[in-house]
Amino acid sequence: MVVPPDNMALASSGARIAMATSEHPKHPPELVLDGNLKTFWMSTGLFPQEFVVTFPTQITVSKIIVSSMKVAQWNVEASKTDKPSSFEPLGDQAMEDTDNVIQTLSLAPKEPVVARHLRFEIARGFGPFVSVHRVVVYGERGVAEAKNVPQAAES
Amino acid sequence: MSTKLILRNKCLILGNATVGKTALVQTFHSDGAQFPKTYGMTIHADVCVKPINIPDTNVTVEMFIFDLAGHDVFQEYLPKYCRSASSYILVFDVTNADSFKALPKWLQFVKQIKDLRGGRGVLVATKIDQAFRRSVTTQQGEEFAKQHNLMYFECSSATNSDVEAPFYFVANASHELFEEHLRIISKAAAEMH
Ligand SMILES: Nc1nc2c(ncn2[C@@H]2O[C@H](COP(=O)(O)OP(=O)(O)OP(=O)(O)O)[C@@H](O)[C@H]2O)c(=O)[nH]1
Ligand SMILES: [Mg+2]
């Protein structure tokens, strides 16, 4: 039986924005977590720009898909700790300028990545402002590989 | 409802050494309280932040002003301060013909900054209080600006005259550019499914 993978990056399943470098009253960063491409977070000037998505518990990330406009360079990092710190690179991608058509970042880490927080950095844009419409994170709740490794002393 | 919107703009200040870039920025930044009478050469770059409220809106443009060194020895270091700049103000000194002749060189420099393409530049003539020493006329300044599609302003930091105008222009243009991008993106987003 094939179970469609769950999008972990939905506000309705407990994901939230821990921080963002731009805050437009009508286009706040939370709109990347509503599963809707029509709504979006708008950057309000300068680069780099970033936002951090926090999950209710640790998840094991298998794939990330981000829909945006005018982004030139994505850098994505993951943090396992309770507080959003000690981020480690998960993947990066230079994007193409698709003009005013949606761009899709697709990252599938070779090894599953455990994360409590994901940091999405936009290092550069193709214009002064960028938009991010939807973040989709496929994965599983908890730490998938936990069975095989001795219980780590993680607090 | 007073939901405030803060936009950010990185503005480069460019031009020959001693034309009065630092004086312009500091006079503007301090609302006229601080005009540096003695010359202190800018080393690499100085950065300051100044919020500008856009009239009749809830919008504030935070200007990140990069006051760049004009001296030749710093030329090679300038590009790294220019990344992701959204606007620029080109400065010359009306008592210094060489600083006016150097403008094409500075425009050439600006052309190499990818992020600046599209935005309209600003040309500022300084030290107009020194009328008796003036060697570049208003007409010459205006003509150059027109030829290169720059907005033209004249000011004196020493007498605190008209130093705000170029910055207000940049802030307003930045707000308009933002609204235009927002409209384009909103339209494209509405057509998605
Ligand atoms: N009379 C007069 N003097 C000015 C004016 N603006 C600047 N000065 C003087 O010109 C000199 C140079 O000014 P700065 O602002 O330091 O020049 P700068 O363009 O920043 O020079 P660099 O940092 O070397 O690139 C200083 O002695 C200032 O006092 C002005 O509007 N009128
Ligand atoms: Mg200076």
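Residues numbered from 1 in each chain as written. Chains lettered and ligands numbered in written order. Predicted model: local features only at pLDDT ≥ 70, side-chain atom pairs only at ≥ 80, totals over all residues. Heavy atoms only, no water.

Here's the deal with the overall build of chain A
Put simply, the rule is: Think of it this way: any DSSP run of H or I at least four residues long counts as a helix, any run of E at least two long counts as a strand, and we number them from the N terminus. A 1.4 Å probe rolled over the protein chains alone gives each residue an accessible area, and that area as a share of the maximum for its type sets the label: buried under 20%, exposed over 50%, partly exposed in between. In what follows, residue pairs with any heavy atoms lying within 4.5 Å of each other are defined as contacts. Every accessible area reported is derived by Shrake-Rupley at a probe size of 1.4 Å, with residue values counting cover from the shown protein chains alone.
Helix and strand content of chain A: 0 helices and 8 strands. The N-to-C order of helical and strand elements in chain A reads β-β-β-β-β-β-β-β. In chain A, which comprises 155 residues, the proportion classed as buried is 48%. Intrachain contacts of chain A at a sequence separation of at least 6 include 75% that bridge at least 24 residues. As displayed, chain A offers around 7600 Å² of accessible surface, 53% of which is attributable to carbon and sulfur atoms.

Some points on the side chain of Ser43 of chain A
One can find Ser43 of chain A in the loop between strand S2 (41-42) and strand S3 (49-69). On the basis of relative accessibility, which here comes to 0%, the residue Ser43 of chain A falls in the buried class. The contacts of Ser43 of chain A, once residues within four sequence positions are left out, are Ser22, Gln49, Pro128, Phe129 and Val130 of chain A together with Phe178 of chain B.

Observations regarding the site of ligand 1
Residue and element names in this part refer to chain B. To be explicit about the condition: Only heavy atoms are used to decide nearness, and a residue is near a molecule or strand if one of them lies within 4 Å of it. In protein, a polar contact requires one atom able to donate a hydrogen and another able to accept it; more generally it is a pair of N or O atoms within 3.5 Å, and residues adjacent in sequence count only if both atoms are side-chain atoms. All residues other than Ala, Val, Leu, Ile, Met, Phe, Trp, Tyr, Cys, Pro, Asp, Glu, Lys and Arg, Gly among them, are scored as polar; the first ten of these are nonpolar and the last four charged.
Around ligand 1 lies a shell of 23 residues, among which Lys21, Ala23, Pro36, Tyr39 and Thr42 are the nearest. One nitrogen or oxygen atom from the main chain of Pro36 is found 2.8 Å from an oxygen atom belonging to ligand 1. In isolation ligand 1 has 650 Å² of accessible area, and contact with the protein removes 91% of it. Among the residues forming the shell around ligand 1, the class breakdown is 9 nonpolar, 10 polar and 4 charged.

Concerning unusual backbone geometry
Cis geometry is adopted by the peptide bond preceding Pro48 of chain A, which originates at Phe47 of chain A and carries an omega value of -5°. Here Pro48 of chain A is to be found in the loop between S2 and S3. For Lys70 of chain A, which is not glycine, the phi torsion reads 70° and is therefore positive. Inspection of the secondary structure assignment puts Lys70 of chain A in the loop between S3 and strand S4 (71-79). With a relative accessible area of 10%, Lys70 of chain A lands in the buried category. Non-glycine residue Ser84 of chain B carries a positive phi angle of around 60°. Along the chain, the position of Ser84 of chain B falls in the loop between helix H2 (78-82) and strand S4 (87-93).

Focus: the interface of chain A and chain B
Where interface size is given, it is often the accessible area lost as the parts come together that is meant. Definition in use: Buried area counts how much accessible surface, traced with a 1.4 Å probe, disappears from two parts once they are put together, with both parts' losses summed.
If you look at the interface, chain A gives 22 residues, while chain B gives 24 residues. Where chain A abuts chain B, roughly 2000 Å² becomes buried across the two surfaces, and 71% of that area is made up of carbon and sulfur atoms. Considering only the surface of chain A that becomes buried against chain B, Lys38, Leu46 and Phe129 of chain A emerge as the three largest contributors, covering 28% of it. Summed over the shared surface of chain A and chain B, the number is 5 residue pairs in polar contact (both at pLDDT 80 or more). Taken together, the residues of the side of chain A that touches chain B break down into 10 nonpolar, 10 polar and 2 charged.

Structural notes on a nonpolar patch on the surface
Keep this limit in mind: Patch membership requires over 30% relative accessible area and the absence of a salt bridge. Like charges are linked within 9 Å, and nonpolar side chains (Val, Leu, Ile, Met, Phe, Trp, Tyr) within 5 Å. The term salt bridge refers to a pairing of a side-chain nitrogen on Lys or Arg with a carboxyl oxygen on Asp or Glu at a separation within 4 Å.
Judged by side-chain polarity, Tyr39, Met41 and Ile43 of chain B come together as a nonpolar surface patch covering roughly 310 Å² of accessible area. For Tyr39 of chain B, the location among the structural elements is in the loop between helix H1 (21-29) and strand S2 (45-53).

A closer look at the coordination of the magnesium ion (ligand 2)
A four-donor tetrahedral metal ideally has 109.5 degree angles, and a six-donor octahedral metal ideally has angles of 90 or 180 degrees. Residues and elements named next belong to chain B. Selection criterion: Note that water is not among the atoms considered, so a metal site may appear incomplete; the donors listed are N, O and S atoms within 2.8 Å of the metal, with 3.2 Å applied to Na, K and Ca.
For the magnesium ion (ligand 2), the full set of protein donor atoms is Thr22 (OG1) and Thr42 (OG1), and the range of their distances to it is 2.0 Å. Here Thr42 lies in the loop between H1 and S2 and Thr22 lies in helix H1, a separation of 20 residues in the sequence. In terms of burial, Thr22 and Thr42 fall into one category: buried.

Details of the environment of Asn9 of chain B
Within the secondary structure, Asn9 of chain B sits in strand S1 (residues 5-14). A residue is classified by how much of its surface remains accessible, and Asn9 of chain B, at 2% relative accessible area, is buried. On a C-alpha basis, the gap between Asn9 of chain B and Pro51 of chain B in space is 9.9 Å, while along the polypeptide they are 42 residues apart. If we ignore the near neighbours within four places in the chain, the residues touching Asn9 of chain B are Leu46 of chain A together with Val61, Glu62, Met63, Phe64, Ser86, Ser87, Val170 and Ser174 of chain B. Here Ser87 of chain B takes part through its side chain, which lies 2.7 Å from a polar atom of the side chain of Asn9 of chain B.

Thoughts on the side chain of Lys21 of chain B
Residue and element names in this part refer to chain B. Threshold: In this tally Asp and Glu are treated as negative and Lys and Arg as positive; neither His nor the chain ends contributes.
Structurally, the position occupied by Lys21 is in helix H1. It is Asp67 that comes nearest to the buried, bridge-free Lys21 among opposite-charge side chains, at 5.6 Å. There is a polar contact of 2.7 Å between the side chain of Lys21 and the backbone oxygen of Asn16. The contacts of Lys21, once residues within four sequence positions are left out, are Ile13, Leu14, Gly15, Asn16, Asp67, Leu68, Gly70 and Val91.

Focus on the environment of Val73 of chain B
Here Val73 of chain B shows up in the loop between strand S3 (59-68) and H2. Taking the C-alpha atoms as reference, Val73 of chain B lies 28 Å from Lys50 of chain B; in sequence the two are 23 residues apart.

A look at the nonpolar core
Note the threshold: The definition of a nonpolar core used throughout is a set of buried Ala, Val, Leu, Ile, Met, Phe, Trp, Tyr and Cys residues joined through side-chain atoms within 4.5 Å.
In terms of nonpolar packing, the biggest core is built from 36 residues, with Ile13, Met63, Ile65, Ile89 and Phe167 of chain B touching the most fellow members. Listing elements by their share of this core, those giving two or more residues are S1, H1, S2, S3, S4, strand S5 (122-126) and helix H6 (164-190) of chain B. Top element by residues in this core is H6 of chain B. It accounts for 8 residues. Judged by nonpolar contacts, the second largest core, of 32 residues, contains Leu33, Val61, Val76 and Leu105 of chain A.

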